[in-house]
Amino acid sequence: MLGMKILSLVVVLLLSNIRPTKADPVTVTTDLTECSSATIQNCNSTKTASKYCYKDDKIFTLDEDGACTIEEAITLTAGIKIFDFTTKAEAVTTGALENLDTIVLFNCVENSTVTCKRTYGYVKTDTKSYRIGADGKNEEVVRGPADTTSGVLNPANFKLNVSGVSKLLEGYLDSDVFKLNVENGFEFVDSGYIDSVYLVELADNGIYLSTEDYNTAIAASKTHIAINAVRNAFVFDNTYEKEIECALHYTSSFLKLDIKYKSANSSPFDSLYSCTNGLCKISFVKAGKYVFKYTVGYPLDLYICEGNPIICEYEDGTIDGIKVFKKYIDENGNTLFKLIENLDSLDPENEKYQIYHCKNSYCDRTSGYMNYGKDLVNTCKCTENDNCTVQSGTDETGLTGNAGSLKYSGSGFTYTVKGGEPKDITSDNDYFFVDLNSNYDYILFSNANFVAFDKFVKKNLDYSIYITISTNVVGKGAENCNSNIYYSYVIDYTEINSYYSFACKNPEATTGNFLTECEKATNKSCSSGKEASKYCYKDNKIYSLDDDGACTTAEPITISSKEGVKIFDFTTMKEADTTSELSNLEKIVLFNCSYDDRSGYIQCVRTYGYVKTGNKYYRIGADGKNEEVVEGNADTTTGVLNPATFKLNIEDGVEFVSDDNASNYFVKLANNGIFLSVEDYNNAIVGSNTHIIIKAVSNTFIIENLYGGEFYALKSKYINSSKVIDSFDKVYICNIDGLCRISVSIVETGIFNLHNRLYVCEGNPIVCSKDDGTNDGLNVFKVYDLDGNGDILLKLTEDLASVDLESEKYQLFNCKSADCRSTKGYIKYGEGFSSIGRCPNNADCTVQAEADNKGLEGLHSIHSTLKYSGTGFTYTIQDGSPKDITSGNDYFFLYEGYDYDYISFSNENIVAFNTNVENKSIYINSNTNIVANGTENCNSDIYYRYINAYGNFEFDSAKCINLGFNCPLSNNNAIIDDIHTLDENGACSTVQEVTLTEGVKIFDLTTKAEIKVAYDLSNLESIVLLNCFYIGKIMQFQCKRTYGYVMTYSDEYFRIGADGKNEKIEFGDPDTTVGVLNPATFKLNISGAVNSNGKVLDLATFQLNFEDGVEFSDESSASVYLVKLEDNGIFLSSEDYNTAITNSKTHIWIISVSNTFVFDNIFNDDQLCALLLTDSYISVNNRIGYYDFELCEIPISYATENENENEEEKEEENKEENENENENENEQENNKENEEENEEEDIEIENGVIGYIISDENNISICKRNSKNIICEEYTITETSCTSDNIGKLFKNNEKNSNEKTSSEETPNEETLNEETTNEETSNEKISICLNYSDKEYSVELNDGNQGNYVLYKSSTTNEIFGTSYNKPYVIITVNKDSVLLNTKYTNGLRYVYINKEGSSASSMYKIMNKGDNCPKDIENSSVLIEESILELECDNGLCSTDYLININIIDYGKIRIDIRGVIYQKTNNSLTQSVY
């Protein structure tokens, strides 16, 4: 015994010394990167593989030099893959993981194609758990002490600790199981693929993120990462994307995610989260009222966020009507939509607004107009697809609805039905309009500040609208249709099913007056303390009313929280006991309850019929009679419960059903008080109804008065409402009250099109069954009008020879798999198929007796036309040449990548647009556009291949051998208009060139295609930007590669850098560096702006609009900005930056267009920018719609010293100079007198005199600008003629020019003649100034007769004195007898200054033309202008630049002339005047 005790003690001691030991981590030895496109383009290396790369769903082997080997790539499938690079296969997960150091995880997602990303996390085999870390450490997780850190697999229980759980586990949210998981973690999923997503807090622990990725996430303000729980794995889901979702803090740190989905009424939330590539950010909500979208295509949910702490609760449905919401990005980067209740605070010029129609806690985007601003006198136009914009006057475009258009007239509003006349609509009314095709629009104008389209009328509970015929005003309140001026329209979602005169229900005439339906206001304020004497119901609640009908304080009674028929006992105020006979029969009421998935509520209405309880049967009648049905003689009246069989008389009789599986039947109307009261029966008859719906369910037969629409039936039994059924014999249209009429009853055999579905109707009696696809293709249907109410039946016409378009109606459809869609085209019909019919879309065919000049617009492209030429058919894209279309072929045409047309002409008697283009590749003959059939493919140089990517066709150059071409010389400075592909030797390849159009283009070098709509930039590393514009004298089209920023349609931001770095911009801390996209606002920080109207901006305007940056613009017309030169690699490479600095450049020219900010490097004129400089902000005065420069020099504005101060300085320095300056002042006074005498010349000389001042020929001063001062000095004339070497200098000519005339020489006066005689006697030397020299001299003599404004061309002299330059080669000077001075203030009231270079005489050469001056004309034909003699200048402070086109190139259109830039001139009395615009 002692021995046994000793042995036991030894065992205990041994066991006590056993401890779990942690397995040593191994370092991952697999050299693995993501492949570049270039790496795997040619996999032909025969060297030994030593490393790997992956791309999409492939793993490639690389040699030691990184070249792709010939070894076949490994293909991965969708899912989380545990890959063993030792075996080059998925790892075996039974037992321990072998080769732990070469295990890698991949997250592979399938979205048409499989794309994989390397990921990290935890995996489990059937015996062990492992950590596959982002820090490169792979290790087994062994049992040990608890670790409850978020994101860590707890060694104590092998459960994952998380911070939040997604919607797919919402079933656990309020259960003990969930609470247990919150505290202890979540287990591995051991079977299937359950897409459960958890959030864990960011941690720098190397599990899911490397330290570098962690730091990047922190810098981007991320707080959590998404973890995907799949079979035996917890991995970082680096593909997880969430825009904005709601979350609630279950505990202080634990989140319930996607809680909107938890219940129909929606749960409260306190925070938002968004995720990009699995990196998530949690942020709290601020107070306000917001809409949030959870399901695409559905209205938005409205929430009120308030309290402390702020909690967002589902709005209770009281905020109804048209509302305006502000769209903005909050400080956390969330795009939010906030309700604005104060319309006078709106600023649509600087903020984004959208209008919504809100009802029952839902808000749906709509279109309309609203008043805003002070006194609400301003008007905004709001479309469903764009933000609200200021509407300053009449809106000619208007807003298009289903049946017509809504327009603002400038003072009021009108609505025009298609084909009708405008009808005024006024506030305080709602309107309802219907067109001839039963399309409708409901216009809301009850609120005087909003007029907009109703978005919920199709969900109206009545499905009936009552209007006054003369005004289209919708009836309200006491108004009803007991008058022939009212019409009732019955609505089936998007169409009108019927319309007729109708007697409205009287809500007070309800049998059993102790119970009525609550009026809208009755149950809103339940405050009466009186005793209850009657009741009303609303939705699923019963409210107590006093004798006066006021709602009491008694707690409302819930009818039911579930769907179904409820038998309610008003004696006991609860559901009746149906296990035996009914007690209190006189107080029994039936309710029909249904779940409304829109509002999220159970809705109940009172109903009538038969009930079975135990072995008893009861009639609960609409006539107020509740009675037992006892066994008796047979009564076979339709719709009556037969006392002999206790079956309802429908066809052969229908028994009660005991379960919840309802069946519906159509029963003829009967005035027997069972299902309808007498009043309801009479109303139904007036409304042309013939049947009611009877529902058999849960031992009841009731009138189904909660369901309306169009229903298919076979032998009176309702089939379903999907409109995709196997067989039927009648179609009924029913309103929400269960009142029906027969819509379609097939009385002859044939093939029919009902709601775009093809049915074959045959047999006796006739039954219609879905077509099996036998009749697919283009088909012509004969139109039968069923009842005059717009209900039609379409019957297939199998013999076009029998068609008669003059007396019968036909329409054209395209059918596939029995699904038929209206299309447009032409048919050949009649005897010998010799007649042509023109068939528009959704309209009847008409006779086309001659050529159709208008044609039929393309089905998918607005730029194309199919036409009948009179003898055949042609197809034209935009302004191109018509292409013949011949029978026996199909044709495919693509316009700009996404607009396309597929034309079918395989049937020789029908040519039409094909609506059923399959989602597959299409091969066409490149010469004829004929679609290839059979074995034809693109292995020929005449065939092109197009790929259909979700309806957008793209040219697939990689899969076809295409026509060759000659590549032009291409280098970094080349301007090209096409994209070409070069091989590895730089030689031109045979891949088809890609033609570009004007604008900034986003091009993907991987797919070799332009990204037309930037929803995402998936191949970011291969994205380039191209700047394409028409430039030059002949408007040549040219492109250059450029750089900058891009915003996608999914509100993501990318940097496409000149340093070769393409990267996504994440929301982060502010960065206000000029030229950088601020991560906090996603606005571009700029240095200067060009106003859209070309005027100089003052500082206040600039700061108001641009000081905090510029937003992206989706406009196709460019806005233009300046940013300072920075060596940051965004817009310029370091090399280009250094070159710019060397050339004394200071700024670059940035354009904002089509959601891009790019360097506008097209225009390389090196012209100076006209500018206003204030501190660091520059306002550029650029000509309208025309860009002049790229890299801009910014000169310093000169501050001219006061002339009197200059005189004092000169007096101190030199008395003689002071005397000269006094003489100069006298000369200036003389000049001023001359200016007053010549006001028509608009001569105005600046106080700071620059130029020549002449006392006499031997006493001349020259004043020129030196730094900030004006320096004057003596000047001696040394020149004797005007040459190219002395432009800008004065010269003396001893011989008077015989050609020279004064401006008054043609009509000399005595004073002029005397003056000339005196001058000649004094001296024959005449002083002139050389204006220019080009093959001949252009000069003007200084005398009173030649006084006026001239322009002087640049030279070294002109540059020095007047400040001309290469970019400003002309200067305006005022010539007088005693001076030639710079005129800085000349203006003619026009945009440009015009000069007649040759002049009307020798003395007026290079003289500025004024309004009314004669233009130079051809000597032989005085009506023809000599346009090359006109010089057009743009001037600023007297310095002028030529237009980019040098001389205007005018196109003559009679009285109107237009130059190549679109500047308009008017020709009046042989003079040319530029129109002001």
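Here the structure is a predicted model, which is why all the values come from computation and not from measurement.

Visitor: Could you give an account of the overall build of the protein, with specific residues and numbers?
Guide: A count of helices and strands for the protein gives ten helices and 116 strands. If you take every contact in the protein between residues at least 6 apart in sequence, the share linking residues at least 24 apart comes to 53%. Here the protein has roughly 71200 Å² of accessible surface; of this, 45% comes from carbon and sulfur atoms.

Visitor: Could you give an account of the nonpolar core, naming the residues involved and the relevant values?
Guide: In terms of nonpolar packing, the biggest core is built from 45 residues, with Leu1290, Ile1329 and Ile1373 touching the most fellow members. Among the elements that make up this core, the one with the highest residue count is strand E107 (residues 1370–1376) (five residues). Apart from the residues lying within four places of it in its own chain, the contact partners of leucine 1290 are Tyr1252, Ile1254, Ile1260, Tyr1275, Ile1277, Glu1279, Ile1327, Ser1328, Ile1329, Leu1342 and Val1380. One finds Ile207, Tyr208, Leu209 and Phe254 within the second-largest nonpolar core, a separate group that totals 26 residues.

Visitor: Can you break down the sheet that holds strand E34 (residues 404–408) residue by residue, with the values?
Guide: One open sheet holds the four strands; their spatial order is E33-E34-E35-E36, and the pairing between them is antiparallel. Of all strands in the sheet, those bounded by a partner on one side alone are strand E33 (399–400) and strand E36 (422–425).

Visitor: Kindly report on the packing of aromatic side chains, identifying the contributing residues and their values.
Guide: Within this structure, the stated rule accounts for 54 aromatic pairs. Between phenylalanine 292 and tyrosine 303 the ring centres are 6.0 Å apart and the planes differ by 70°, which places this aromatic pair in the edge-to-face class. Of this pair, phenylalanine 292 sits in strand E23 (residues 288–292) while tyrosine 303 sits in strand E24 (residues 300–306), placing them eleven residues apart in sequence. Of the residues examined, phenylalanine 292 reaches a relative accessible area of 6% and is grouped as buried. Between tyrosine 369 and phenylalanine 413, the aromatic rings sit 5.4 Å apart at their centres with planes inclined by 45°, giving tilted as the arrangement. Here phenylalanine 413 lies in strand E35 (residues 413–417) and tyrosine 369 lies in strand E30 (residues 368–372), a separation of 44 residues in the sequence. Given the relative accessible area of 0%, tyrosine 369 is considered buried. Residue class for phenylalanine 413 comes out buried when judged on its relative accessible area of 12%. Taken together, the aromatic side chains of Phe269, Tyr290, Phe292, Tyr303, Tyr314 and Tyr362 make up a single cluster linked through ring pairs.

Visitor: Got a sec to walk through the state of the cysteines? Specific residues and values, please.
Guide: Taken as a whole and assessed by the stated rule, the structure comprises 17 disulfides. Two residues share a disulfide in this structure: cysteine 305 and cysteine 312, whose sulfurs sit 2.0 Å from each other. Across the S-S bond of cysteine 305 and cysteine 312 the torsion is about 110°, and the bridge reads as right-handed. For the pair cysteine 305 and cysteine 312, one class covers both residues: buried.

Visitor: Can you lay out the pattern of salt bridges for me, pointing to particular residues and giving the numbers?
Guide: If you walk through the whole model with that rule in mind, you get 31 salt bridges. Of the charged contacts in the structure, one is a salt bridge between arginine 619 and glutamate 627, with a shortest N-O distance of 4.0 Å. Classification of arginine 619 as buried rests on a relative accessible area of 8%. One salt bridge connects lysine 782 with glutamate 808, and the closest N-O pair in it is separated by 3.0 Å. With a gap of 26 residues between them, lysine 782 in strand E65 (residues 777–785) and glutamate 808 in the loop between strand E66 (792–797) and strand E67 (810–816) connect regions that are remote in the sequence. The class of glutamate 808 is partly exposed, set by a relative accessible area of 27%. The network of salt bridges with shared partners includes Arg131, Asp135 and Glu139.

Visitor: Help me get a handle on the pairing of strand E109 (residues 1393–1396), residues and values and all.
Guide: Every regular strand shows the same layout, with side chains that alternate between the two sheet faces. Residues Val1393 and Ile1395 of E109 are buried on one face, and the alternating residues Tyr1394 and Asn1396, pointing to the opposite face, are buried as well. As judged from the four bridges shared by E109 and strand E111 (residues 1430–1436), these two strands associate in the antiparallel manner. The partner of tyrosine 1394 across the bridge, within E111, is glutamate 1432. Sheet topology note: the E109/strand E110 (residues 1407–1408) ladder contains two bridges and is antiparallel. The residue bridging isoleucine 1395 from the neighbouring strand is isoleucine 1408, located in E110.

Visitor: How would you explain the sheet that holds E30 if you had to name every residue and give the values?
Guide: What links the strands of a sheet is backbone hydrogen bonding, and the strands pair in either a parallel or an antiparallel sense. Read from one edge of the open sheet, six strands run E32-E31-E30-E39-E38-E37, paired in antiparallel fashion. Looking at the sheet topology across the chains shown, the edges are occupied by strand E32 (389–390) and strand E37 (429–434). The sheet contact formed by strand E31 (residues 378–382) and E32 spans two bridges and is antiparallel. If you follow lysine 381 over to E32, its bridge partner there is threonine 389.

Visitor: Can you tell me about the environment of leucine 1005, naming the residues and giving the values?
Guide: Among the secondary structure elements, leucine 1005 is positioned in the loop between strand E84 (999–1004) and strand E85 (1009–1010). With 17 residues separating them in the primary sequence, leucine 1005 and serine 1022 have C-alpha atoms 5.2 Å apart. The residues touching leucine 1005, leaving out its near neighbours within four places in the chain, are Ser1022 and Val1024.

Calculation rules
- Residues numbered from 1 in each chain as written.
- Predicted model: local features only at pLDDT ≥ 70, side-chain atom pairs only at ≥ 80, totals over all residues.
- Heavy atoms only, no water.
- Helix = DSSP H or I, 4+ residues; strand = E, 2+ residues; numbered from the N terminus.
- Contact = heavy atoms within 4.5 Å.
- Areas by Shrake-Rupley, 256 points an atom, 1.4 Å probe, with all protein chains shown as cover.
- Core = buried A, V, L, I, M, F, W, Y, C linked by side-chain atoms within 4.5 Å.
- Buried < 20%, exposed > 50% of the residue type's maximum accessible area, 1.4 Å probe, protein only.
- Pairing = 2+ DSSP bridges.
- Phe/Tyr/Trp six-rings, centres within 6.5 Å; stacked < 30°, edge-to-face > 60°.
- Disulfide = S-S within 2.5 Å.
- Salt bridge = Lys/Arg side-chain N within 4 Å of Asp/Glu carboxyl O.

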